Amino acid sequence: MRRPIIAGNWKMHKTISEAIELANGLRRNFVNDIGIDIVICPPFTALSEVGEIIQDSFIQLGAQNMHWEDKGAFTGEVSPLMLKDLGVKYVIIGHSERRQFFGETNEIVNKKVKSALKHNLIPIMCIGESLEERKKEKTFEVVKNHLEGGIEGINLDSPENLIIAYEPVWAIGTGINATSSQAEEVQGYIRELLKKIFDKELAEGIRIQYGGSVRPDNIEELIKERDVDGALVGGASLDLITFTEIVKKAGEVIKIKI
Ligand code: PGA
């Protein structure tokens, strides 16, 4: 049984004081283990303060990006060592916004994934097709390309050390989520690909999140699916009540998920 994981990607939102307020609220709302890993990914500027608030709680700290080098002349970049220093445990890599607006390729994603693993950070590697690619029936091709390119040559000691987030680009921030069967169709396919790359047991243990317009009114359907092991939540993670509802509803479903 894979332990589900729900992560909030705050993107370029929240000043330090706003981040503190949200983190405090979440800490108050999750005083018990509800059987789900809860991760929040504030912007770099708020990692330190948020990290302190959620220390020793059931909420864990994630970053939204990193460079692959430990240090050097890379103006504006943040290294894995710096993230470790802040108590970061997870790092989102290859989000479609990074691929689209900052030119991240599979090669770059692969370097970052390898570096994260080397530093004992858990990469949440994002993959997914655009609307145009889906219309041209290229979804499986694109997902395969992103997956294989991103994890090429990695050594995985344990399935818990890698998270894949299937995020169809057409569903991100649009209010149009993939249906649960659309998500399962692709995520089941991702699982089959993982079985070819790693051994079967390892592949069965890797968690695959769904991301793209996840809300309190669609999380239950999504997380019921066999290969939907959680969610990567953008917009709906910025509000205390909404994000809390998403996680709690998921918690109810996984109590009965076989
Ligand atoms: P959204 O974003 O939930 O706002 O659609 C998801 C993401 O980009 O990870």
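Before going into details, it helps to say that this report is about the structure given with it. In this text the structure is predicted, and so the values were computed from the model without any measurement. (Residues numbered from 1 in each chain as written. Predicted model: local features only at pLDDT ≥ 70, side-chain atom pairs only at ≥ 80, totals over all residues. Heavy atoms only, no water.)

### Thoughts on the site of the ligand
And then number 1: If you check the shell around the ligand, you find 13 residues, and the closest are Lys-11, His-95, Glu-167, Gly-173 and Ser-213.
And then number 2: One of the backbone N or O atoms of Gly-234 is found 2.8 Å from an oxygen atom in the ligand.
And then number 3: Protein coverage of the free-state accessible area of the ligand, which is 280 Å², stands at 95%.
And then number 4: Assessed atom by atom at 2 Å from the grid points, the ligand resides in the second largest pocket.
And then number 5: Split by residue class, the shell around the ligand holds four nonpolar, seven polar and two charged. (Near = heavy atom within 4 Å. Polar contact = N/O pair within 3.5 Å; in protein donor to acceptor, adjacent residues only side chain to side chain. Areas by Shrake-Rupley, 256 points an atom, 1.4 Å probe, with all protein chains shown as cover. 1 Å grid on protein atoms, 1.4 Å probe; cavity = no way out; pocket = protein on both sides within 12 Å on 5 of 7 lines; lining within 4 Å. Sits in = over half its atoms within 2 Å of the grid points. Nonpolar A, V, L, I, M, F, W, Y, C, P; charged D, E, K, R; others polar.)

### Quick notes on the pattern of salt bridges
And then number 1: Inspection of the entire model under this criterion finds 23 salt bridges.
And then number 2: In this structure, the salt-bridge partner of Lys-112 is Glu-104, at a minimum N-O distance of 2.6 Å. The same class applies to Lys-112 and to Glu-104, which are both buried.
And then number 3: Notably, a salt bridge pairs Asp-217 with Arg-215, separated by 3.0 Å at the nearest N-O pair.
And then number 4: Among the charged side chains, a salt-bridge network with shared partners connects Arg-2, Arg-191, Glu-192, Lys-195, Glu-204, Arg-226, Asp-227 and Asp-229. (Salt bridge = Lys/Arg side-chain N within 4 Å of Asp/Glu carboxyl O. Buried < 20%, exposed > 50% of the residue type's maximum accessible area, 1.4 Å probe, protein only.)

### Observations concerning the environment of Ile-256
And then number 1: With respect to the secondary-structure elements, Ile-256 resides in helix α11 (residues 240–256).
And then number 2: Residue Ile-256 is classed as exposed on the basis of its relative accessible area of 69%.
And then number 3: Distance in space between the C-alpha atoms of Ile-256 and Ile-246 is 16 Å, their sequence separation being ten residues. (Helix = DSSP H or I, 4+ residues; strand = E, 2+ residues; numbered from the N terminus.)

### Description of the sheet that holds strand β8 (residues 230–233)
And then number 1: Ordered in space as β1-β2-β3-β4-β5-β6-β7-β8, the eight strands form a closed barrel in which the pairing is parallel. When strand polarity is set aside, the average angle formed by the axes of neighbouring strands in this sheet is 25°.
And then number 2: On top of the sheet, helix α7 (residues 139–151) reaches β5 (122–127) and β6 (163–166); it is set at about 155° to β5, its chief contact. (Pairing = 2+ DSSP bridges. Axes fitted to C-alpha atoms, helices over the stretch in contact; angles between N-to-C directions. Contact = heavy atoms within 4.5 Å.)

### What about the side chain of Asp-229?
And then number 1: By secondary structure assignment, the location of Asp-229 is in the loop between α10 (219–224) and β8.
And then number 2: Look at Asp-229 and you get buried, because its relative accessible area is 4%.
And then number 3: Those residues within four positions of Asp-229 in sequence are excluded, and the remaining contacts are Arg-2, Pro-4, Ile-5, Arg-191, Ile-206, Arg-207, Ile-208 and Lys-257.

### Description of the packing of aromatic side chains
And then number 1: Inspection of every chain in the model, using the stated rule, returns two aromatic pairs.
And then number 2: The ring of Phe-102 has Arg-98 lying over it, and the distance from NZ or CZ to the ring centre is 4.3 Å.
And then number 3: One cation-aromatic arrangement involves Lys-248 over Phe-30; the distance from NZ or CZ to the ring centre is 5.4 Å. (Phe/Tyr/Trp six-rings, centres within 6.5 Å; stacked < 30°, edge-to-face > 60°. Lys NZ or Arg CZ within 6 Å of the ring centre and 35° of its normal.)

### Quick notes on the pairing of strand β2 (residues 37–41)
And then number 1: Burial within β2 is extensive, with five of its five residues counted as buried.
And then number 2: Because side chains alternate across β2, one face comprises the buried residues Asp-37, Val-39 and Cys-41, and the other comprises Ile-38 and Ile-40, equally buried.
And then number 3: As for the winding sense of the linkage, the β-α-β connection from strand β1 (residues 5–9) through helix α1 (residues 16–29) to β2 is right-handed.
And then number 4: Bridge analysis of β2 against strand β3 (residues 59–63) gives three bridges, and the strand direction is parallel. Considered in β3, the bridge of Ile-38 is made with Ile-59.
And then number 5: What joins β2 to β3 is helix α2 (residues 47–54), and the crossover it makes is right-handed. (Right-handed = clockwise from strand over helix to strand, strands pointing away.)

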